[in-house]
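Analysis of the macromolecular model
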Amino acid sequence: MAAMQKRVERKVQRYPVRLSLHEINGQTVPDSYLVDISSLGAQLETPLFVNLNMPVEFVVHFPWSGKETRLLGLAKWIKPLIGKPGRFRVGLRFHNAVWELDTLARQGRL
């Protein structure tokens, strides 16, 4: 019998977005995006490979903000994107919850 993947129960609502990233870990990484965000974490799509449990800091400009926002978390998983060689989806868990993101998303401002 094939092993079934354990379904993760979400603690908070996740919101799909597609925002360009200005940098990841101090490097300009063209063609990198924030694709999903919650108050506890985010998913990035990028050509940059990061190791598991590696600290990841990224800079994004949210549409509602007049400035760039820096967010920091740990890489909890990484998956290659099927059909897109050299690209990865990276799941991050933020070091500190960013509850403001949940409020803004509920208002449709992300």
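Each chain carries its own residue numbering, running from 1 in the direction its sequence is written. Since the coordinates come from a predicted model, pLDDT governs what is reported: local features require at least 70, and pairs of side-chain atoms require 80 or more to be given and counted, while whole-chain, interface and lining totals use all residues. With hydrogens and water set aside, each side-chain value is computed from the structure's full complement of heavy atoms.

1. Details of the side chain of R87
- Numbering of helices and strands runs from the N terminus, with a helix taken as a DSSP run of H or I at least four residues long and a strand as a DSSP run of E at least two residues long. Within the element layout of this structure, R87 appears in the loop between β5 (69-80) and β6 (88-94).
- We define a polar contact as two N or O atoms separated by no more than 3.5 Å, with the added condition that, inside protein, one atom must be a possible hydrogen donor and the other a possible acceptor, whereas residues neighbouring each other in sequence contribute only through side-chain atom pairs. Side-chain polar atoms of R87 contact the backbone oxygen of D31, separated by 2.8 Å.
- In this analysis, two residues are considered to be in contact whenever any of their non-hydrogen atoms come within 4.5 Å of each other. What R87 contacts, discounting residues up to four positions off in sequence, is D31, Y33, E45, T46, P47, K79, P80 and L81.

2. Focus on the packing of aromatic side chains
- Aromatic contacts are taken between Phe, Tyr and Trp rings whose centres are within 6.5 Å, Trp giving its six-membered ring; a plane angle under 30 degrees counts as stacked, one over 60 as edge-to-face, and the others as tilted. Taken as a whole and assessed by the stated rule, the structure comprises two aromatic pairs.
- Seen in terms of ring centroids, F49 and F88 are 5.3 Å apart; in terms of plane orientation they differ by 70 degrees. Their pairing is edge-to-face. Of the two residues, F49 is situated in the loop between β3 (41-46) and β4 (55-60) and F88 in strand β6; the sequence distance between them amounts to 39 residues.
- Classification of residues uses two cut-offs on accessible area relative to the type maximum, computed with a 1.4 Å probe and protein chains only: under 20% is buried, over 50% is exposed, and between them is partly exposed. In this structure F49 comes out as partly exposed when scored by relative accessible area, which is 47%.
- Counting as a charge over the ring demands two things of the Lys NZ or Arg CZ atom: a distance within 6 Å of the ring centre and an angle within 35 degrees of the ring normal. Cation over ring: R18 sits above Y33, and NZ or CZ is 4.0 Å from the ring centre.
- Taking the ring centre of W77 as reference, the NZ or CZ of K79 above it sits at 4.9 Å.

3. Considering the nonpolar core
- Residues belong to one nonpolar core when they are buried, are Ala, Val, Leu, Ile, Met, Phe, Trp, Tyr or Cys, and are joined through side-chain atoms within 4.5 Å. Residues I24, L34, I37, L44, F58 and F62 are the most contacted members of the largest nonpolar core, which totals 22 residues.
- Among the elements of the structure, β1 (15-24), β2 (33-37), β3, β4, β5 and β6 are those that each provide at least two residues to this core.
- When residues no more than four places from it in sequence are discounted, the contact partners of I37 are Q13, R14, Y15, V17, A42, F62, L71, F94, L101 and L110.

4. Here we look at the sheet that holds β1
- One closed barrel accounts for six strands, arranged β1-β2-β3-β6-β5-β4; its pairing is antiparallel. Each strand of the sheet is rotated relative to its neighbour by a mean of 45 degrees, with strand direction disregarded.
- Axis angles are defined between N-to-C directions and span 0 to 180 degrees, where every axis is a line fitted to C-alpha atoms and, for a helix, only to the segment in contact. Packing against the sheet, helix α1 (residues 99-106) makes contact with β1, β2, β5 and β6, and its axis sits at approximately 130 degrees to β1. Each pair of strands is called paired provided DSSP finds at least two bridges between the two strands.

5. A word on the pattern of salt bridges
- Just to be clear on terms, a salt bridge is a Lys or Arg side-chain nitrogen sitting within 4 Å of an Asp or Glu carboxyl oxygen. Within the structure shown, the criterion is met by nine salt bridges.
- Close ionic contact of E45 with R87 constitutes a salt bridge, the shortest N to O distance being 3.1 Å. Here E45 is found in strand β3, whereas its partner R87 is found in the loop between β5 and β6, with 42 residues between them in sequence. In this structure, E45 and R87 share a single accessibility class: buried.
- Residues joined by salt bridges that share partners form a network here, namely R18, D31, E45, K84, R87 and R89.

These values are about where atoms sit, not about what they do.
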